[in-house]
Amino acid sequence: MTKKRLNMKKYIEPIIHILIWGIGYFLILNYTATIGDFRKDRGPYWVALLFGTFMNLTVFYTTAFFLVPKFLRLKKIKALIISLLGGFILVNLFESSIDYSYLANFFSSASESFVVYFLYNSVIGFFILLVALSYSLIKYWIQNEKLKRVLLEEKLSTEMAFLKSKINPHFLFNVLNS
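Keep in mind the model is a prediction, meaning the values are calculated, not measured. (Residues numbered from 1 in each chain as written. Predicted model: local features only at pLDDT ≥ 70, side-chain atom pairs only at ≥ 80, totals over all residues. Heavy atoms only, no water.)

Structural notes on the environment of Asn30
- Take Asn30: it is sitting in helix α1 (residues 2–31).
- Overall, Asn30 belongs to the partly exposed group, its relative accessible area being 36%.
- Through-space distance from the C-alpha of Asn30 to that of Trp46 is 9.8 Å; in sequence the pair is 16 residues apart. (Helix = DSSP H or I, 4+ residues; strand = E, 2+ residues; numbered from the N terminus. Buried < 20%, exposed > 50% of the residue type's maximum accessible area, 1.4 Å probe, protein only.)

See below:
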């Protein structure tokens, strides 16, 4: 029974991630008429939305499962901040240039400047980055609390074994002398 429960535990987190991203994509796709200057009446803007979602997935999972754990383990906070800012700017530049160069030509009737695309993608990307940082820091904190609990239990069991080893010789000595 416990082995099945442990096997199910490892699937819960990925299922929750898939549900959250899927529901978010579905809600945005079905309940918005426009995203920036991408409009539904101009064509299937799900391509632009899918590309933006892919870029946000990249930011989230790179931050939450690679950068933050690596730099926190090494205790290099400055390097973490620099890599997050650099990656954030590079991803937003890439996403904005794709939006501006290719997707806007096919799915938009307006001609916005590159700065507008960059600012729009930066706001969304910053929100995703904050969520990823929060998620990974909470996960890191929970892992540290579990480790502290295990270490405390080991310490207590070691102390108990030490006290038992001290008591046993005295008990035997007293029994033999009486």
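What to know about the packing of aromatic side chains
- Following the criterion strictly, the structure yields eleven aromatic pairs and no others.
- Considering the side-chain rings of Phe60 and Tyr135, the 5.7 Å spacing of their centres and the 40° angle between planes classify their relative orientation as tilted. A residue pair is termed long-range when its members are at least 10 positions apart, and Phe60 in helix α2 (residues 46–74) and Tyr135 in helix α4 (residues 114–177) qualify at 75 residues.
- Given a relative accessible area of 6%, Phe60 falls into the buried group.
- Given the relative accessible area of 23%, Tyr135 is considered partly exposed.
- With centroids separated by 6.4 Å and ring planes inclined at 20°, the aromatic side chains of Phe114 and Phe118 adopt a geometry described as stacked. Pair noted here: Phe114 and Phe118 are both in helix α4, with a separation of four residues, about one helical turn.
- Given the relative accessible area of 29%, Phe114 is considered partly exposed.
- One aromatic cluster in this structure is built from Trp21, Phe60, Tyr61, Phe65 and Tyr135.
- One residue, Lys70, lies across the ring of Phe71, its end atom 5.5 Å from the ring centre. (Phe/Tyr/Trp six-rings, centres within 6.5 Å; stacked < 30°, edge-to-face > 60°. Lys NZ or Arg CZ within 6 Å of the ring centre and 35° of its normal.)

Describing α2
- Taking 1.5 Å as the rise per residue, α2 with 29 residues should run 42 Å; its terminal C-alpha atoms sit 40 Å apart, in good agreement.
- Note on α2: the residue one or two positions beyond its end, Lys75, has a positive phi of about 60°. (Expected span 1.5 Å × (residues − 1).)

On their own, these measurements won't tell you what the molecule is for.
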